[in-house]
Amino acid sequence: MTGSPGDFPDPGTPTGAGILERRLTGLDLDVFARDVWSRTALLTRHASDFSDVFDAGAVDELLARRGLRTPFLRVAKNGAVLPESSYTSPGGVGATISDQLDDTKLWRLFADGATLVLQALQRTWAPVGELCAALGAELGHPVQANAYITPPQNQGFDDHYDVHDVFVIQIQGSKRWLVHEPVHRDPLRDQPWTEHRAAVAEAAQGPAYIDTVLEPGDVLYLPRGWLHAARAKGEVSVHLTLGVHVWTRYALAEQLAEAALAALREDPWTRATLPLGADATAEVLDGVRARLTAAVADADPAPLFHRTRRGQGRPAPLGPLAQLAAVDALAPESPVRLRDALAARLEGARLMTRVGWLDFPAADLPAVTRLLDGGVRTAGDLGLPLAGRLLRAGVLLPGGQ
């Protein structure tokens, strides 16, 4: 299967085909959800040209010129992560920082066979951040990105599994990937592969589910729990890993339990002290169980769930100077729009977002509701006082941004 090359859209802009189809898999969202998502690995040849997203020049720029600090970089060799002191140093005059990346140390380690891992790349390289934001909006699960830069004929990490789904995008060079089926399917975030080290090592010796060489433009999707290891071929390999930190039924159960326990805090019988000198009696245990069951049945986990989801991501960038200029120049014809990736949700008269909440009078609610579709409005359409308030709160951006 192949996808169509092309630029990725702004995450707030409706398009016919989404990021998943246009750039990663060639499959529309419904087909991917039905046949692939969380079920099986998928290899897509020539999915897209990703030179607009990341390349070798971006690697050198980030490592040598951006003054990055740990933990925006890890360095691994022979399956082990090296200490930060081996590749960092003070920042120099005017930068009283002791853990900035040292490009000379990094060069020597890389030349000696170490793999460089640029972490949270969605925070440090804008095109990668835009791709992650668009994919996260499409999937409904938060997405982050790492880049792996491996010298020729080297392997950064041993066979392992991740606790999140991944899209592996080959950027430069080639890499051989060995993929095996899970030994622990659908692991939670606190169930790392090291808890199953022996089973992982044994499974990795068996026949591979996928044994392939990724070339630039190829994409490999792996659900969480699928075993994998990769080794660079005869040249430097650069690949991006988009990590999809999936929400699970277990996470929803956690929210239900938290909402139920919050309700039981207000129940005088549940707060009462246990009898002296003995463990809880069967009668007391039955009573607690009954109240807990009833509280779970009555609990509404939605507010907790949405609040947790909002906390897992970041809104689209906001330039303070451009924002101030927009506030100062606000006029009825000024175009404005809802800031992307805010996870905005109207709960009654309160707008909940990743940057805080705002309460509105009833007269403003129709205008606020219209904003939630992500379209560009004019300040006059919303009303200048409301538009100014939302710009100052960082909820609206100038429409041209």
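Residues numbered from 1 in each chain as written. Predicted model: local features only at pLDDT ≥ 70, side-chain atom pairs only at ≥ 80, totals over all residues. Heavy atoms only, no water.

1. Here we look at unusual backbone geometry
With the exception of glycine, the majority of residues adopt a negative phi angle, and the majority of peptide bonds are in the trans configuration.
Okay, so step 1: Along the chain, Thr70 connects to Pro71 via a cis peptide bond; the corresponding omega equals 10 degrees.
Okay, so step 2: You will see that Ala341, though not glycine, has its phi angle at about 60 degrees, which is positive.
Okay, so step 3: Of note, Ala341 is situated in the loop between strand E14 (335–338) and strand E15 (345–347).
Okay, so step 4: With relative accessibility at 37%, the residue Ala341 sits in the partly exposed group.
Okay, so step 5: Notably, Ala343 is not glycine yet its phi reads approximately 55 degrees, a positive angle.
Okay, so step 6: Position of Ala343 relative to the elements: it lies in the loop between E14 and E15. (Helix = DSSP H or I, 4+ residues; strand = E, 2+ residues; numbered from the N terminus. Buried < 20%, exposed > 50% of the residue type's maximum accessible area, 1.4 Å probe, protein only.)

2. Concerning the environment of Gly217
Okay, so step 1: As for its position among the elements, Gly217 is in the loop between strand E10 (210–214) and strand E11 (219–222).
Okay, so step 2: Exposure remark for Gly217: the relative accessible area of 8% places this residue in the buried category.
Okay, so step 3: Sequence separation between Gly217 and Gly374 is 157 residues, and the spatial gap between their C-alpha atoms is 31 Å.
Okay, so step 4: Sequence-distant contacts of Gly217, defined by excluding residues within four places in its chain, comprise Thr44, His46, Ala47, Ser48, Phe50 and Gln170. (Contact = heavy atoms within 4.5 Å.)

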